[in-house]
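# Tertiary structure, described
The chain contents come next:
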Amino acid sequence: MTVAHTSTVDTPAGPFTAIVAPDGAVLASGWTADLALLTPQIHATLMPTEITERPDLGDVTKAAIAYHEGDLAAIDTIPVRQKSGPFLQHAWDVLRTVKAGEPVTYSEYAELSGRPAAIRAAASACARNSAALYVPCHRVIRLGGNLGGFRWGLEVKQWLLTHETPTPRG
């Protein structure tokens, strides 16, 4: 039996919930308070048999709060556990290298992932990402600056991108 833990915190972008494995790795996260929207994203081999609520998930909760308060790098070292085929695994790792305030297009993301022609596969990696925020799929946009899609809504994606945009020094 694997018992995972969950916690929801209020953020300026809406309620943010994470589900973590016993070792603290994020299995799923997103801007919702509804676990039923998060658990389908967890790979069957990683699915806990029980999920219990906690008021705080330690470093995972601290990082989410710090990020939303302006420490954009707070999420960078949080462990994440997702499972899929080799391309998606690699593509998720690549997403973690896209810097805050420097979004990339789906074409650029495909190229960074080592498969420049695989734009749809790169978009699929974003769509199948279970650990939103910690694997920052919101940093991938369409050519011309259009937001594209986002499981948690375009308003949340826009908030995140605006939050990450460097303030010009005057």
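Residues numbered from 1 in each chain as written. Predicted model: local features only at pLDDT ≥ 70, side-chain atom pairs only at ≥ 80, totals over all residues. Heavy atoms only, no water.

Attention now goes to the pairing of strand E2 (residues 14–20). In terms of burial, E2 is largely enclosed, as six of its seven residues are buried. Taken together, the seven bridges between strand E1 (residues 3–11) and E2 define a ladder with antiparallel strand orientation. Bridge pairing links threonine 11 to glycine 14 in E2. The antiparallel hairpin formed by E1 and E2 contains two residues in its connecting segment. Pairing of E2 with strand E3 (residues 26–30) involves four bridges; the strand directions are antiparallel. The residue of E3 that forms the bridge with alanine 18 is serine 29. Linking E2 to E3, which pair antiparallel, is a turn of five residues; within it glycine 24 sits at a positive phi near 95 degrees. (Buried < 20%, exposed > 50% of the residue type's maximum accessible area, 1.4 Å probe, protein only. Helix = DSSP H or I, 4+ residues; strand = E, 2+ residues; numbered from the N terminus. Pairing = 2+ DSSP bridges.)

This brings us to the side chain of threonine 17. When you line up the elements, threonine 17 lands in strand E2. Its relative accessible area of 1% is what places threonine 17 among the buried residues. Here threonine 32 takes part through its backbone oxygen, which lies 2.4 Å from a polar atom of the side chain of threonine 17. Excluding residues within four positions of it along the chain, threonine 17 makes contact with Thr6, Ser7, Thr8, Ala28, Ser29, Gly30, Thr32, Ala33, Leu35 and Leu38. (Polar contact = N/O pair within 3.5 Å; in protein donor to acceptor, adjacent residues only side chain to side chain. Contact = heavy atoms within 4.5 Å.)

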